Structure formats: C-alpha cells, structure tokens
Amino acid sequence: MSLTHPHLEVSIGMQRLRLFDDRRLVREWPCSTSKFGIGFTEGSNKTPLGRFIIKEKHGDGAESGTIFKSRQPVGHWQPGMETKSDLVLTRILWLHGTEPRNENTFQRYIYIHGTNDENSIGRPASHGCVRLRNREMIELFNLVPAGTPVWIEE
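Quick look at the structure, then. (Residues numbered from 1 in each chain as written. Predicted model: local features only at pLDDT ≥ 70, side-chain atom pairs only at ≥ 80, totals over all residues. Heavy atoms only, no water.)

Details of the side chain of Arg91
And step 1. Locating Arg91 in the fold gives a position in strand 7 (residues 88-97).
And step 2. There is a polar contact of 3.3 Å between the side chain of Arg91 and the backbone oxygen of Gly59.
And step 3. A polar atom in the side chain of Arg91 sits 2.8 Å from the backbone oxygen of Ala62.
And step 4. With near-sequence residues (within four places) excluded, Arg91 lies in contact with His58, Gly59, Asp60, Gly61, Ala62, Phe68, Ile112, His113, Gly114, Met137, Ile138 and Phe141. (Helix = DSSP H or I, 4+ residues; strand = E, 2+ residues; numbered from the N terminus. Polar contact = N/O pair within 3.5 Å; in protein donor to acceptor, adjacent residues only side chain to side chain. Contact = heavy atoms within 4.5 Å.)

Looking at unusual backbone geometry
And step 1. Residues other than glycine seldom take positive phi values, yet Asn45 does so here, at roughly 60°.
And step 2. As for its position among the elements, Asn45 is in the loop between strand 3 (24-30) and strand 4 (50-58).
And step 3. In this model, Tyr109 sits at a positive phi of 60°, which is unusual for a non-glycine residue.

Some thoughts on the pattern of salt bridges
It is possible for side chains bearing opposite charge to pair when their charged atoms get close.
And step 1. A complete count under the given rule lists 9 salt bridges for this structure.
And step 2. For the salt bridge of Arg131 with Asp86, the shortest nitrogen-to-oxygen distance reads 2.6 Å. Of this pair, Arg131 sits in strand 9 (residues 130-132) while Asp86 sits in the loop between strand 6 (72-76) and strand 7, placing them 45 residues apart in sequence.
And step 3. Look at Arg131 and you get buried, because its relative accessible area is 2%.
And step 4. Salt bridges linked by common partners bring Glu9, Arg18 and Glu153 together as one network. (Salt bridge = Lys/Arg side-chain N within 4 Å of Asp/Glu carboxyl O. Buried < 20%, exposed > 50% of the residue type's maximum accessible area, 1.4 Å probe, protein only.)

Here's the deal with the environment of Trp77
And step 1. With respect to the helices and strands, the residue Trp77 is situated in the loop between strand 6 and strand 7.
And step 2. For Trp77, a relative accessible area of 8% corresponds to the buried category.
And step 3. Sequence separation between Trp77 and Gly65 is 12 residues; the distance between their C-alpha atoms is 4.9 Å.

Here we look at the pairing of strand 8 (residues 111-114)
Every regular strand shows the same layout, with side chains that alternate between the two sheet faces.
And step 1. Residues of strand 8 alternate between two faces, with Tyr111 and His113 on one and Ile112 and Gly114 on the opposite face, all of them buried.
And step 2. The pairing of strand 7 with strand 8 spans 4 bridges and is classified as antiparallel. The residue of strand 8 that forms the bridge with Leu93 is Ile112.
And step 3. Where strand 8 meets strand 9, 3 bridges bridge the pair, whose relative direction is parallel. By the bridge assignment, Ile112 is partnered in strand 9 with Val130. (Pairing = 2+ DSSP bridges.)

This is how it looks when you write it as structure tokens:
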C-alpha cells in the first residue's frame, strides 16, 4: 500500500493510534501510552502532547521480538519470557517534537515501538513511549516514512 500524505494521530484518552492518508482513515490500532500520565519533563517517563515528526526509523527487517538498546539489536524476546522490564522491541519510530513545549522529545528518546507486554495494550502502561503489539508495529513501520507528521492528544 502506498500512501501519498500519511500522518498519525495518537489519542491518550482512547489509547488508540490512527494512520491517515490525507483525511482518509487507513488503519487504527490500540496502543499504550505512559502509566505516569502526560508531561514534557526529561526523566518524567510521561508521554508528551502536540505535533511531532518521525525523525528516525530503526529495525527495518529485524525479526519480530528483537530487543533494542540504544536502537541497536541486543537479543530476542519471545512470548512467555518475563515482562517486568519495559523492553523496546521489533521496530522504532523515534519522535521529534516540533513545538516549544515538546522540543526535547527526541532527547528524551520518545518512540513508537513494539512491546514485550502486549497484554497492556489498550491502557496506559508505558514509560513515556507509545507502544503497539509487535505485528502491528511492523505493519505501521512499513507504511510510514521518516518525516511523517504525528499528533498526540489527550
């Protein structure tokens, strides 16, 4: 599927991530944002609001469940393994804030990424990032290029 003008919208209240092409809804997935709420402060583990772009994409071609540390593959997670850690899995869409209030988002390492805690999808449970189920993260990653606008709202 080729999109001409893709953009993403994340609703924290609904815990949904929607992909649009112009005004047409293309896909919608449940997601998980921060269990600590909304915020912009570094170290707060809160999800920021506003306008962003996908500045970098990491993990193209990696196996589903690949564990990333500092955006580098370091291992593989499989269902049934421990889920106490909030692992960054499968793919990474690294967000850059485009407003004064969220301009530190890139430095805060706020991503859209896959998770080892897929049972938490649909409720706030992350440490600031937007998490998706791994298969849905691969689907999204393949549909959006770097530079895609993202809007995160309450």
